[in-house]
Amino acid sequence: MFFVLALGLVGVLFIMLRPLRFVKAFSPAFAAFGSKAFASMFFCLAGVAATTLRDRINWQAAALLFGFCLACLGDVVLAIEPVLKHPERDKNYAFMMGAVPFLLAHCLNLAVLISHGKFSPWLLPLILILPALYLTLWRCGLLRFGRLAAPLLLYSLVLGAMLWAAAQTGGTLRLIALPAACLFALSDTALFLLHFGTKKKPAGAKFLWLVMFPYYLAQTLLACAVAIV
């Protein structure tokens with residue numbers, strides 16, 4: 001498991017330090033794109049490494065691995081935004097194109113967690129926490145989803161369902177899955193506030209800590225889950 005964690009944490013370091021920015025052949029935009037692509041590759045490799053700790057690969061492990069591939073695709077599409085020919089005009093289109101693979105990945109993660117959980121009606125309100133939060137922020141004028149309101153609220157519902165499903169698991173899986181689900185929720189909430197919020201966006205370093213750091217840490221935890229689901 002140490003090797004799995006090490007691979008995942010290399011991805012975290014890659015996104016936080018963005019080493020490609022020191023390569024003179026890359027422009028800042030392409031250096032950021034490459035750093036994100038490499039960082040995502042490492043959590044995929046961590047998931048593959050976790051399969052070596054299993055006797056066989058069941059559908060749950062395969063689903064998590066496929067989810068990593070989809071998330072990696074989403075990362076690459078979102079990273080394209082700064083290098084678009086018309087970034088301001090096309091940023092919402094690129095955002096939605098990147099969000100679709102993430103939605104599918106989270107649906108796979110959700111199916112895996114549900115398969116390992118025990119239904120508890122007391123935990124059902126967890127599903128509505130994020131949609132209720134975003135609707136409140138929208139009503140308060142802190143978020144402006146515009147035409148993307150319906151798909152983004154659907155996305156938040158899936159994230160809320162992941163929180164609910166992770167809380168229903170037990171043992172070691174809960175210790176991994178519940179923090180991962182919370183980190184995903186934190187990352188996406190920060191991303192929505194930065195992308196659709198009415199307040200001024202924070203500096204790049206704050207974006208890395210609020211969005212990128214929790215996201216890649218969550219993927220590292222899920223990579224560890226491949227070994228035990």
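Residues numbered from 1 in each chain as written. Predicted model: local features only at pLDDT ≥ 70, side-chain atom pairs only at ≥ 80, totals over all residues. Heavy atoms only, no water.

K.L.:
Explain the state of the cysteines here, please?
P.N.:
Two cysteines joined by a covalent bond between their sulfur atoms form a disulfide. Inspection of every chain in the model, using the stated rule, returns zero disulfides. Here C69 stays free of any disulfide, with the sulfur of C44 as its closest cysteine sulfur at 5.1 Å. A relative accessible area of 46% places C69 in the partly exposed class. (Disulfide = S-S within 2.5 Å. Buried < 20%, exposed > 50% of the residue type's maximum accessible area, 1.4 Å probe, protein only.)

K.L.:
Can you help me understand the packing of aromatic side chains in this one?
P.N.:
Pairs of aromatic rings are described using the distance from one ring centre to the other and the angle between the two planes. If you walk through the whole model with that rule in mind, you get 16 aromatic pairs. Relative to Y215, the ring of F102 has its centre 5.8 Å away and its plane inclined at 90°; by these criteria the two rings are edge-to-face. Taken together, the residues span a long stretch of sequence, with F102 in helix α4 (residues 87–115) and Y215 in helix α8 (residues 204–225) at a distance of 113 residues. Taken individually, F102 and Y215 each receive the classification buried, so the pair is uniform in this respect. Centroid distance Y134 to F192: 5.4 Å. Interplanar angle 70°. Geometry classified as edge-to-face. Residue Y134 is found in helix α5 (residues 129–139), and its partner F192 is found in helix α7 (residues 171–196); the two are separated by 58 residues along the sequence. The pair Y134 / F192 is uniform in exposure class, with both members buried. (Phe/Tyr/Trp six-rings, centres within 6.5 Å; stacked < 30°, edge-to-face > 60°. Helix = DSSP H or I, 4+ residues; strand = E, 2+ residues; numbered from the N terminus.)

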